[in-house]
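# An overview of the molecular structure
Each chain, written out:
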Amino acid sequence: MNVIKNLFHFLGSVHFAISLIGVTALFVLAGTIIESKTGSHLFAAYYTYQHPAFLLLLGLFFINILFAALRRWPFKFHHIPFLITHLGLLMILSGVFIKSSFGIQGTMSILEGSGSHEILIPNTYSIKIFKKNTLGTVLSSEYSLHSRSSPFPELQIETVGYAPHSSEITETWIKGDRGVIAGLKPFKVFSEKNFLDISLPISARVSLLPSPAEPWNLYAFYTADVLKVLQRVYLEGLVIKITDSITNQLLYQGLVQEALITPPQWKEGKVFLQLNLEEEYFHIIAQIEDPKNIQTELKIPLTGPEALDNIPERIQYLGRIPIAIDLERPAALLFVQNEVFNDTSLFAFDPYGRIHKESFPAKGLSSLIAYDNGWGGYYAHSTIPFSATRAKRQQKEDADLATLTYTLEKAPPEKLSPPLRMLYNACQKAHCDFAQCCAEYLSLWDKSYSWLYPIEYPTPPLFAQVSKELDWSEESPTIKKCCAWLSRFFLEIDPLLRQGFSPRKILEQFQWPAPLPQGDENFLLTTLTQQIFSVGDMLPDNQAREVVEARLFSAYLRAYGIHLQNMRSSNEALQTEDSIQLECPLTLRHLPKPPLQKVEECVPVVKLKLTKEDKTEELILSYDRSAMGLYWPAFEGEYLLRFQPRSKKIPYHIRLRNARRIDYPHSTQPFSYESDFLIKNFNPKENSKEEEKTISMNNVHETWDGFRFYLAGLSTNEETAAKRVQLVVNHDPAKYWLTYPGGAILSLGIALLFFCRKPRSH
Amino acid sequence: MNRFVKHFLFPIVIISLGLASLLVFLDFKQEKPDDIPVAFQGRFRSMKAYLQTNSDKEPSFFLSPPSEEAFQKFFHEIEMKQISSKEIFHLLENQYPLHMRLKNAGEELAVLPGKRGEWFSIRALTLSVYNPTTHQLTPVENFTLFSDELFSKLQKSFFELKAAIQKNETNTKHLQEQFFLEKILLEGYSPLAGTTYKEAFGKALNYPSFLQLKAESFYYSYPFIPISIVLYTASIILMLLGLYLQKTRLLNVALVAQWSAFFFHSLVLTMRCFILGRPPVSNMFETVIYVPWVAVLAGMLLNVFYRIPWVLVASSTVSVVLLSILEVAQINSSLDNVQAVLNSQFWLIIHVLMVVGSYGFFVLSGLLGHFYLLGYVYNKGEQKLENVGRAMLQCIYIGTALLISGTILGGVWAAESWGRFWDWDPKEAWAFISSCVYLMGIHAYTFQHIGNFGLAIISIAGLQAISFTWYGVNYILGTGLHSYGFGSGGEIFYFSFVIAEVLLLAAMLFYRRRIRQFQ
C-alpha cells in the first residue's frame, strides 16, 4: 500500500514534472536538429515525435498532470487556477490524441473540370486491386500489405519481397539479352564490345513492307557509345551514286565508307564528303569541285521532310547543280541501348539512306498505348515514315515537277505574268502543251546553277519547238533589247557566281554605279536585274553576240522574279505518307536501392505472389505516391493492381470548376490562390443539392458535419493548361469540445495563475 | 496608482498624442511645390529631393532607356525593306512588345500608374511608337490610368523640363517646369488614391492614399532608428550616472530621454503600420523593431510597480543592442509585399503579435538576469537584489503566458486554415522547447527548489532558447513552414554569443559554490 502511495505521490510530484519537461524538451531538440540535417520531417518524426518512447513521455505527462491535481484533493479555493491550467493541458492532449486516432487527414488532387470523392491518406501503403468479370463490370478493393485476407475470395495475395527504396527503369524494345517487337520472334541483342574489329552481326531479317520488297536487316546492341554504333551500322553497305542530272549519266558509284577516305572522282570532277551523325540533324556535306567551274557545298539532310534533297549553298537564286548525289543501302532497323543510362534508341535506315530516329528513355516514355485502359497491357510504339511514291530524291523532284505542271495547266491564261503569257501564246501557235514545255524549261534551267540559262546548254526540246513563235514585242518593243543586255551582263557574272563569289563583292569590283539594297543577296541580284531591265532600252543596241532564245527568255523570267525555286509550292496536301508501325510490350525493371534519409522521397517496391486456383504469378510494383500512374494487369488482364497510399471515401463529391493564382502586379510573387468548387453531399437525409463554394488560402470550406477542405497547392499558372489543385481534407471530431476549449482554458488558467498568485513565502 | 499615472500612463498618452498629431499635421500640412510627394516605386518622396540626390550626374530618367536604341535601329532596318506599314507595325510589336518596353524603362522614379496595377518609370515617356498612317515614330500614347488629356499635358511638360535641363537654363525656369510636372502627376493620381486595383477572394490591394504617401515620404526623410539608438544610449548613461551619484534630477532627465527615444521607436512602428496597412511583424526586420519596443514598454510598466530604475536601464540596453544589430546587419528593410499566407487573418496577426511580444519580455528578463548576476558578484551575495529578482519573475510569467497562449492560438489558426493543430514544425518545436525551459524554472521556483539566483540562471538559459527560436530557426535550421523571415548570415556571431553565455553561466555556478563554501 505504501509503495502504491509513494508511487502515486512520485508520479504527481513536481520533481517528476520537471524531469519530464526537461526530457521532452531534449527529445524535441534532437528532432529539430535531425530534421535540419536530413531535410526530412518524416525521418526526424520516426526517431523522435512518433517514437514509442516519446509517446510514452506524453502519456506520463498526462498521468503526472492528473495525479498532481488528484494529490491536492480535497481542493481548496486557491487551487482553482492550478486546476484550470492543468485541465486545459489534459484537454489539449486528449484532443490531439483523438484526432490522430479517429480523425481524417488526407489529400485529394483534382484537375479542373473533374471531380472526386476519394481522398488519399499520405504515408500509408496499400495495394489497390480492380477485378473485371466477363460482362465488363469492375469491382475495386484495397489490400493492406500486412493483412492475410484477400479482398477477392478466389485470389490469394502474398507479399514475398519488399525494398524501402528503388528506382524504376522502363524497358521497351530491348529486355535483357532479348529484343522484342510485337508479332515477331524475339531476337538476340549483342554487346558492341565483342565486335570492335569484326563486322557487326545481324540479329534477324524481317519483312516490314509488302512482299516484293527486300526484308529489312535487324541489328540490336548494347553499347557505351550509341553514336559509334549508329555510324558503323549506317555505313555498312551504304553506296553513293553520283550522276549527271542533265544527261542522267552515272559518273561514280562506290561505298561511302571508302568515299569518305578517298574523295570520289570522275572525269573532270571531284567531291569531298563529310558525314555528320553527331547532332540531332543528321546530314552529309559534299564539297563539289567541278570542271564547269562549279564550286559549291551541297548539303544532304538525312532526316526530316527535306531528307535526301541536294541543297547547294546558293539554291535560293542559282538553283540546283547539274550533278546529283544519291545514296543506296539495304534497309535496316537498329536498336541500341545505352549501357549507362539504359535509354533505348531506334534507328530505321530506308533503302535510300534516309534515317529515322526515336528515343525511348528509361525514365518514362512520353507516350504509350494502353489496350483496354490497361487491362490489355501497355505497349510502346514507333512510327517509321515510309513513302512508296516519294522515297527517292528523283521521285521527290519528279513529284514536285508534276505538281507544278498541274498548277500551270489549271492556271487561267489571262492571269499569267507577261513572260509566261508570251510562252503560252507561242505554245498555242505551235500546238504544243504549255504546261509541259514550261515545266521542262524551268527544271532544266534550275539544274544549271546559274542566274540565267547558260548559253552552252542545249535548248530544251519542247522549248526549241516553240521558240520561233515567241512574240517579243507583245508587251513592249524594247523587251528583247533589255533581255539581251541582261544576258550580256550576266555572261560575265554567272561564272563568278558559280565559283562561289558573293554577288556584292563582284559588283563592288565592277564598280556598279546604281545604289543597291543592304542585306539579302538574293534580293540584291533581283534588284540588279530589275535595274538593268529598266534601263535596257536606253542602252545602245547590242548585237555583238549570237543570241539564244532560251537564255533571253530566262532573262525575261528573272525580271519578273520567276524561277523554279520561287515556284516550289509546299505540296503537303498531296503527300500521302505511309508508315511502318512497330509496337513492343512495355515492362518495368526495379532496382532496389538503400533507403534515402529523406523518407518523403523514397519509392518502396513490393513483390507480390498472386495465386488463383492452380496458377501463380509474381508481380513487382513500385509505390505511386500521388496515385496517378498506371495500373498493372495480372492473370492476363483479369485484375489490375497499383501500389499506392490508402484511399478513403468521403460523403462529399467535389468537382473543381476553376482554379487561379493571382500575383502581385509586376512580379511573380503570389498574392492569392483561389479555386471554385461544386460540393455535393451524398447523405440522402441532408440537403443534397450541389453548392458552389470558393476556397482560397486561409479561406476554408467547412461542411455542417465537420469536413473541412483546404487549398494546399496549385500545379501551374499557365493559362492554357488545365490546373491541378491539391486539397487537404480533414475531419477532427474532438477539436470543438476538447482541443480548442482546452487551449482557451489553459490560457485562462495561466492568466489566473499569474494574477491570483500567493506571495511566495520564504 | 499615482506612480502608475506618472510613470506609465502619462508618457504613453503623451507619445500617442504626439503620434496622432504628427499624422494630422502631415494631413493638413500645406502643399508647397517642393513638398509634393511623388510615387517612387511604391515609395514616395518629393521630386525635388530626387533631383537633388542625383544632382551630381545628369538626370538619367530624361534619356531614353537603352532598349529603345535597339528598337529604333530595328525600325530603320525594316523601314528600308519594301513592306507595308501594317507589316512594319506588327513586326515591331512582335519583336519589341510595348508592354515589355514600358517595363524595361526601369524602376527609377516609377510614378506612372499602369492599367494593371503596375508602376512605370517616368522614363517611359521617352518611348516612341510607330504610327502606320504617318509612317513615322511618334511619342508613346497614353499607357497610364490618367486621362488622355492629362497624359498629353504631362508629356508636354516632361519634354519641356527635359529641354530646360538639357539647355542648362536658369534654375527658376527649371523649377517652374518641375512644378508643373509634379502638379500634373498629383492631379492624375488624386482620383486613384486609396482605390482598389487588385481583388481576390476576401482581400484586396489598394493604391496608397495621399496621407500614406506623405507618411512614407516623411518616413524616409529622417533616420528615426539611429535617433532612437542615440537617445536610448543617452538615457542609459544618464541613468547610470544618476544612480551612481544618487541625483534624482539626472534620473528624471534620463527618463525624458528614454521617453523621447520610445517616441521615435513607436513612430517607426506606427509609420510602417500605417503605410503598409498591416501590423509590422511579417519579416525579420520588423520583429527586430517590435521586440525591443515591447521590452521598453514592459520595463516602464515594471518600474511603476517595483520602483527599480535597473529595469529601465535593462530595457534601454535591449533596444540599443537590437536596434544597432538592425543598423549594422542591414537586414532587408524595404516595405515589401507580404506573403500570400500572411496577409489576411486577424487571428494570425494576434498570434504573431503575442508570440513575438513574449520575446520582448524574455529578452528583458534575460538582461535582468545578467544584471542580477552582476549585482551578485558586486555584492558577494543576494542582498539588495530582491526587486531585480521580482521584476525578472514578472517578465518570465508574462512572457510564458504570452508565449503559450500565442502558440496555442497559432495552433488553432493552423488547424483552421491548414487542417493540423500541431505538427512539430521547427518553429513550433522551438517554441515548445523555450516554454519547457521557462516552465521548468517556474515550477522549480514555485515549489522553492530555486531562488532568485536560480531564476537568473533560468532566464539567461531561456534567453538562449528564445534567441534560437527567433533567429536560429530562421537563419540556422532554415526548414519548416514558418518560412517568412528566412535568411542567412551572422551564424558566427550568434554561436560566439551562445558560447560566451554558457561559459558565463558555468562560471557563475562555480562562483556561487565558492561563495557558499566561504560563508
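See the structure printed just above.
So, here's what we can say about the structure. Every chain's residues receive numbers from 1 upward, in the order its sequence appears when written. Chain A is the first chain written and ligand 1 is the first ligand written, with later ones labelled in order. Residues qualify for local features only when their pLDDT is at least 70, as the model is predicted, and side-chain atom pairs are given and counted only at 80 or more; totals for whole chains, interfaces and linings, by contrast, use all residues. For the side-chain quantities, the full set of heavy atoms in the structure was used; hydrogens and water were omitted.

Bend, in this description, refers to the angle at a residue between axes fitted to the seven residues ending there and the seven starting there. Secondary structure counts use DSSP, requiring at least four H or I residues in a row for a helix and at least two E residues in a row for a strand, with both numbered from the N terminus. The sharpest bend along helix H16 (residues 452-477) of chain B reaches about 55 degrees and sits at B:Tyr471. Counting buried positions along H16(B) gives 24 out of 26 residues, so the element sits mostly inside the fold. Think of it in three bands: residues with accessible area under 20% of the maximum for their type are buried, residues over 50% are exposed, and the middle band is partly exposed, with areas taken using a 1.4 Å probe on protein chains only.

To continue, consider the side chain of A:Lys735. Considering the arrangement of structural elements, one finds A:Lys735 in helix H18 (residues 735-755). A residue is classified by how much of its surface remains accessible, and A:Lys735, at 3% relative accessible area, is buried. The contact criterion used is simple: two residues touch if any of their non-hydrogen atoms lie within 4.5 Å. When neighbours within four sequence positions are excluded, A:Lys735 is seen to be in contact with A:Glu702, A:Arg708, A:Tyr740, A:Pro741 and B:Glu416.

Turning to the environment of A:Ser626, a few remarks are in order. Structurally, A:Ser626 is set in the loop between strand S27 (615-622) and strand S28 (632-634). Through-space distance from the C-alpha of A:Ser626 to that of A:Val189 is 36 Å; in sequence the pair is 437 residues apart.

What follows concerns the sheet that holds strand S8 (residues 187-188) of chain A. Residue and element names in this part refer to chain A. For two strands to be treated as a pair, DSSP must find no fewer than two bridges joining them. Read from one edge of the open sheet, 3 strands run S6-S7-S8, paired in antiparallel fashion. Only two strands of the sheet have a single partner each, and these edge strands are strand S6 (174-175) and S8. The pairing of strand S7 (residues 178-179) with S8 spans 2 bridges and is classified as antiparallel. By the bridge assignment for S8, Arg178 is matched with Lys188.

The next thing to look at is the nonpolar core. Of all hydrophobic cores here, the largest spans 118 residues; its most connected members are A:Val28, B:Ile225, B:Met271, B:Leu364 and B:Leu368. Those residues in contact with A:Val28 that sit more than four places away from it in its chain are A:Tyr49, A:Phe54, B:Trp424, B:Ala429, B:Phe432 and B:Ile433. Residues belong to one nonpolar core when they are buried, are Ala, Val, Leu, Ile, Met, Phe, Trp, Tyr or Cys, and are joined through side-chain atoms within 4.5 Å. A:Phe282, A:Leu302, A:Leu327 and A:Cys432 belong to the second-largest nonpolar core, a separate cluster that totals 98 residues.

Our next topic: the pairing of strand S13 (residues 249-255) of chain A. Residues and elements named next belong to chain A. As paired elements, strand S12 (residues 239-244) and S13 share 6 bridges and run antiparallel to each other. Looking at the pairing, Thr243 lines up with Leu250 of S13. Hairpin connection between S12 and S13: a loop of 4 residues separates the two successive antiparallel strands, and Asn248 in this loop has a positive phi of roughly 60 degrees.

Turning next to the pairing of strand S6 (residues 136-139) of chain B. Two strands pair when backbone bridges link them, and strand S5 (residues 128-131) of chain B and S6(B) are joined in this way by 4 bridges, in the antiparallel orientation. Residue pairing in the sheet places B:Tyr130 in a bridge with B:Leu137 of S6(B).

Residues and elements named next belong to chain B. Along the chain, Ala431 turns up in helix H15 (residues 426-446). What makes Ala431 buried here is its relative accessible area of 8%. Taking the C-alpha atoms as reference points, Ala431 and Ile466, 35 residues apart in sequence, are found 7.7 Å from one another. Sequence-distant contacts of Ala431, that is, excluding residues within four places in its chain, are made with Leu403, Thr407 and Thr469.

On the side of chain A, 55 residues touch chain B, which itself brings 60 residues to the contact. The quantity reported as buried area is the accessible area (1.4 Å probe) lost by two parts once they are put together, taken as the sum for both. Both faces combined, the contact of chain B with chain A buries some 4,900 Å², and carbon together with sulfur accounts for 65% of it. Looking at the side of chain B facing chain A, the largest losses of area belong to B:Phe201, B:Glu416 and B:Trp424, adding up to 14% of the total buried there. The term salt bridge refers to a pairing of a side-chain nitrogen on Lys or Arg with a carboxyl oxygen on Asp or Glu at a separation within 4 Å. The interface formed by chain B and chain A contains 0 salt bridges. Polar contact criterion, stated in full: a pair of N or O atoms within 3.5 Å, where within protein one must be able to donate a hydrogen and the other to accept it, and residues adjacent in sequence count only if both atoms are side-chain atoms. There are 3 residue pairs in polar contact (both at pLDDT 80 or more) connecting chain B and chain A. Elements supplying a minimum of two residues to the side of chain B that touches chain A: strand S4 (119-121), strand S7 (196-200), strand S8 (203-206), helix H14 (386-417) and H15 of chain B.

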